[in-house]
Structure formats: structure tokens, C-alpha cells
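Secondary and tertiary structure notes
As a plain string of letters, each chain reads:
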Amino acid sequence: MIANSCVTAYSGAELMTRFQLIGETEPVSFDLGTGNNTVGRAAGNSVQIPEPSISSQHCVISVSSNGVYVQDLQSTNGTSIDGVPTVEGWLQPGQTLQLGNLRLRLETEEVRIHVPGVPAPVAEAGPVTLEDGSLACSRNPTLAANFSCTKCERPFHGSSLRQVRLSGGKSVMVFCPECDGKCEVIPGAVKDSGRKSGFFSRLTQTLQLGWKKK
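As the structure is a computational prediction, the values presented were derived from the model and not from experiment.

**Digging into the sheet that holds strand S5 (residues 47-48)**
The strand order S5-S4-S6-S7-S10 describes an open sheet built from 5 strands, whose pairing is mixed. In this open sheet, the two strands that pair with only one neighbour each are S5 and strand S10 (88-91). In this sheet, strand S6 (residues 59-64) lies alongside strand S4 (residues 35-40) in antiparallel orientation, the contact comprising 5 bridges. Within S6, the residue paired with Gly 35 across the bridge is Val 63.

**With respect to the environment of Asp 82**
Looking at where Asp 82 falls in the secondary structure, it is placed in the loop between strand S8 (79-81) and strand S9 (84-85). On the basis of relative accessible area, Asp 82 is assigned to the partly exposed category, the value being 45%. Note: C-alpha distance between Asp 82 and Arg 103 (21 residues apart in sequence) is 9.3 Å. Residues in contact with Asp 82, not counting those within four places in the same chain, are Gln 95 and Thr 96. Within the local environment of Asp 82, its side chain forms a polar contact with the side chain of Gln 95, the two groups lying 3.4 Å apart.

**Overview of the packing of aromatic side chains**
Under the defined criterion, the tally for this structure stands at 1 aromatic pair. Centroid distance Tyr 69 to Trp 90: 4.9 Å. Interplanar angle 70°. Geometry classified as edge-to-face. One end of the pair, Tyr 69, is in strand S7 (residues 67-72); the other, Trp 90, is in strand S10, and 21 residues separate them in sequence.

**Quick notes on the environment of Val 39**
In this structure, Val 39 sits in strand S4. Its relative accessible area of 1% is what places Val 39 among the buried residues. The sequence separation of Val 39 and Val 60 amounts to 21 residues, and the corresponding C-alpha distance is 5.9 Å. Those residues in contact with Val 39 that sit more than four places away from it in its chain are Asn 45, Val 47, Ile 49, Gln 57, His 58, Cys 59, Ile 61 and Leu 99.

Rules of the game
Residues numbered from 1 in each chain as written. Predicted model: local features only at pLDDT ≥ 70, side-chain atom pairs only at ≥ 80, totals over all residues. Heavy atoms only, no water. Pairing = 2+ DSSP bridges. Helix = DSSP H or I, 4+ residues; strand = E, 2+ residues; numbered from the N terminus. Buried < 20%, exposed > 50% of the residue type's maximum accessible area, 1.4 Å probe, protein only. Contact = heavy atoms within 4.5 Å. Polar contact = N/O pair within 3.5 Å; in protein donor to acceptor, adjacent residues only side chain to side chain. Phe/Tyr/Trp six-rings, centres within 6.5 Å; stacked < 30°, edge-to-face > 60°.

Quick look at the structure:
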């Protein structure tokens, strides 16, 4: 486990400090995580040390941005820092922590951890206009838009819409090809006579008349 007591961001990576207790009387080592590390003989501790001279819950070692702080939990054989009996106190790198008969030296190591870059969000393109100032179709920007979706509000030329003919065959409704929302005629949309001769020309004119009567 790596403790984040000192973190420096640089070029897509972070510089972190790793805290570790190295045994001086026994060939053991323990990593300390950020926050409270409970130390003792019992299995429920963050750092379990099966040493008879160590209490079931011996001490708490707290790792923070300020350093490493040790608090004895009224252990039977006590806690010492560099040979001095301690109820609570700071443990500096290189100092020795004695728990019962076990002596541990605090060591630190600077570790660089790669942080994957997060791509910047792509801004959604705004409305496109043609040379004559008319709004362009979002599907075919070479055509002027004469419909707008009531749901996603994107502009479309009539030829891009999905049409549904109602019962009787006379009424037609048009829907957005992107979100299936209902589309309505854009009031005052620029009319291009060269593009108004087909079905969608008549459809647009019909819906425009219907819109004006509302």
C-alpha cells in the first residue's frame, strides 16, 4: 500500500511518498497506508504482527500530510520511539519504533505513479449558417434548414426527416432522424425555389399554413 503524504503532480504523473516499517530484530516489513493503521497481534488489524510480546491491539500509526504519528493503545509491553517509552508522538524517517520486543525502522521512498491523461471534452459545434444567412441542415449543411426538432432543437432540411402519414392519407407528420422528436416548420425559413419542387416543398408549405392558422 502506498501512502499519499506528499503528492506532486507533473507531466501526467504524481510523485508520492511510500512509508514502510522495516524490521531490525526480525526480517519483516510493513507498508503503511494513508490514514489510521491499527497495529497488533489480532487478525483484524491493518498491520497484523504475530509476535507474543505485542498486544492484540497495540497501537495506531496515522499517516497524513503532516507525517507519521504513533499512539499507544494501552499495550501490555508498551511502545517506544528511539528507545524512549511513548504514549503518543511523531515518528520520523530513520527512527526506530519498538513494539514489545520487535524493533521497526521507518523508511520512506519517493514513488512516481503515472496518471492517465483525461481527454478534454469536445465542444459541440454550434449552428451552421449558409452564405445567405439561412440556417443550415444539421445532417446536410449544404441545404437550408426549414424544420426544427421540438426535442433536440436541431435544424433539418425536409429531405432529412422521417415522415409518418396518418390515417386517411392526407395528413403527414415529420420526425427527427436523430432523436425521433416531432419536427415543426421554422417560421420564416428561407425558401430556395430550386429545392422546393418535390414532396418536401409541398409538405413544408402545408405545415407552414397549418402553423400560421394556430
